[in-house]
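# Descriptive analysis of the structure
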Amino acid sequence: MPVSCIRINLSAMRHNMKVIRSHLPKEVNILATVKANAYGNGAVQALQIALEEGFSAAAVARMQEGEELREAGFTCPIYTLGLPLPEEMTQGVENDLIMPMDDTVEAAALEAAASEAGKTAEVMIAVDTGMNRIGVHPADVPARLKKLKAFSQIHIHGTFTHMATADHKEKDSALAQLDRVD
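Residues numbered from 1 in each chain as written. Predicted model: local features only at pLDDT ≥ 70, side-chain atom pairs only at ≥ 80, totals over all residues. Heavy atoms only, no water.

### Points about a nonpolar patch on the surface
- Side chains of Ile6, Ile8 and Leu10 sit close together on the surface and give an oily, nonpolar patch of about 270 Å² of accessible area.
- One can find Ile8 in the segment before α1 (10-22). (Patch = residues over 30% accessible without salt bridge, like charges linked within 9 Å, V, L, I, M, F, W, Y side chains within 5 Å. Areas by Shrake-Rupley, 256 points an atom, 1.4 Å probe, with all protein chains shown as cover. Salt bridge = Lys/Arg side-chain N within 4 Å of Asp/Glu carboxyl O. Helix = DSSP H or I, 4+ residues; strand = E, 2+ residues; numbered from the N terminus.)

In structure tokens form, the structure reads like this:
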């Protein structure tokens, strides 16, 4: 019985990243999502190619994946997409990972982890515009930002949302999600 195998064509991956980069102005920063070992393509290899082709940052699902990229020598910004569990906060801070935050993440615990590490916790505010997975309701974002200003060791990079149907041919739902951010 034959054994299954997958072969990753790194030159095809490089070509695809060049094409993506060519469609965007140089001043637009592109983030390479390399979670789950770059979907089986090899996170280290995929991120190296992405950075060589003009991408500027990485995204992973969990803190462990970000730590592995730091251990591999990457210094670019690394965003985690999964909310930090209390036991992962120190790991995220120590590895200079940019973590998502919503109203379920305990800011005081994140501040304590940052204080203990002698660093600043870097965060992005997750805004739930319709994916219904993580995030603050758009109307609650100003109040959340105001509360977070009280924490001197939490730095907010900005906000983000997760598009539920961005890959669908019909774009009405995705455009409606973007309208909720305004």
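### Points about helix α3 (residues 43-52)
- Those residues of α3 lying buried are Ala43, Ala46, Leu47, Ile49 and Ala50. Take α3 and look down its axis: the buried residues cluster within an arc of 160 degrees, on one side only.
- Buried positions along α3 lie against α1, β1 (31-33), α2 (35-39), β2 (57-60) and α4 (63-71).
- Downstream of α3 by one or two residues, Gly54 has phi in the positive range, about 100 degrees. (Buried < 20%, exposed > 50% of the residue type's maximum accessible area, 1.4 Å probe, protein only. Arc of directions from axis to C-beta. Contact = heavy atoms within 4.5 Å.)

### A word on the pattern of salt bridges
- Tallied over the full model, the rule gives 4 salt bridges.
- Measuring nitrogen to oxygen at the nearest pair gives 2.7 Å for the salt bridge that ties Glu53 to Arg14. With a gap of 39 residues between them, Glu53 in the loop between α3 and β2 and Arg14 in helix α1 connect regions that are remote in the sequence.
- Across the pair Arg62 and Glu88 runs a salt bridge whose closest N-O atoms are separated by 2.4 Å. You can see Arg62 sitting in the loop between β2 and α4 and its partner Glu88 sitting in the loop between β3 (78-80) and α5 (89-94), a full 26 residues away along the chain.
- Given the relative accessible area of 29%, Arg62 is considered partly exposed.
- When salt bridges that share partners are traced, they join Arg14, Glu52 and Glu53 into one network.

### Some words on unusual backbone geometry
- One non-glycine residue with positive phi stands out, namely Ala36, at about 55 degrees.
- As for its placement among the helices and strands, Ala36 is situated in helix α2.
- Judged by relative accessible area, Ala36 falls into the partly exposed class, the value being 45%.
- At Tyr39, a residue that is not glycine, the phi angle is positive and equals roughly 55 degrees.
- Residue classification places Tyr39 among the exposed positions, given a relative accessible area of 52%.

### Things to note about the packing of α1 against α3
- Where α1 contacts α3, the two axes come as close as 9 Å, and the packing angle between them is 40 degrees. The angle between α1 and α3 falls in the class oblique. At the point where α1 passes α3, the crossing takes the right-handed sense. Taking contact as the criterion, the partners of Leu10, Met13, Arg14 and Met17 in α1 are, on α3, Gln45, Ala46, Ile49, Ala50 and Glu52.
- A per-class count over the contact of α1 with α3 returns 6 nonpolar, 1 polar and 2 charged. (Axes fitted to C-alpha atoms, helices over the stretch in contact; angles between N-to-C directions. Parallel < 35°, antiparallel > 145°, perpendicular 65-115°, else oblique. Left-handed = near helix turned anticlockwise from the far one by under 90°. Nonpolar A, V, L, I, M, F, W, Y, C, P; charged D, E, K, R; others polar.)

### Digging into the environment of Ala114
- For Ala114, the location among the structural elements is in helix α6 (residues 107-117).
- Given a relative accessible area of 0%, Ala114 falls into the buried group.
- Between the C-alpha atoms of Ala114 and Val93, which are 21 residues apart in sequence, the distance is 6.0 Å.
- The contact partners of Ala114, leaving out residues within four places of it in the chain, are Val93, Lys119, Thr120, Ala121 and Gln153.

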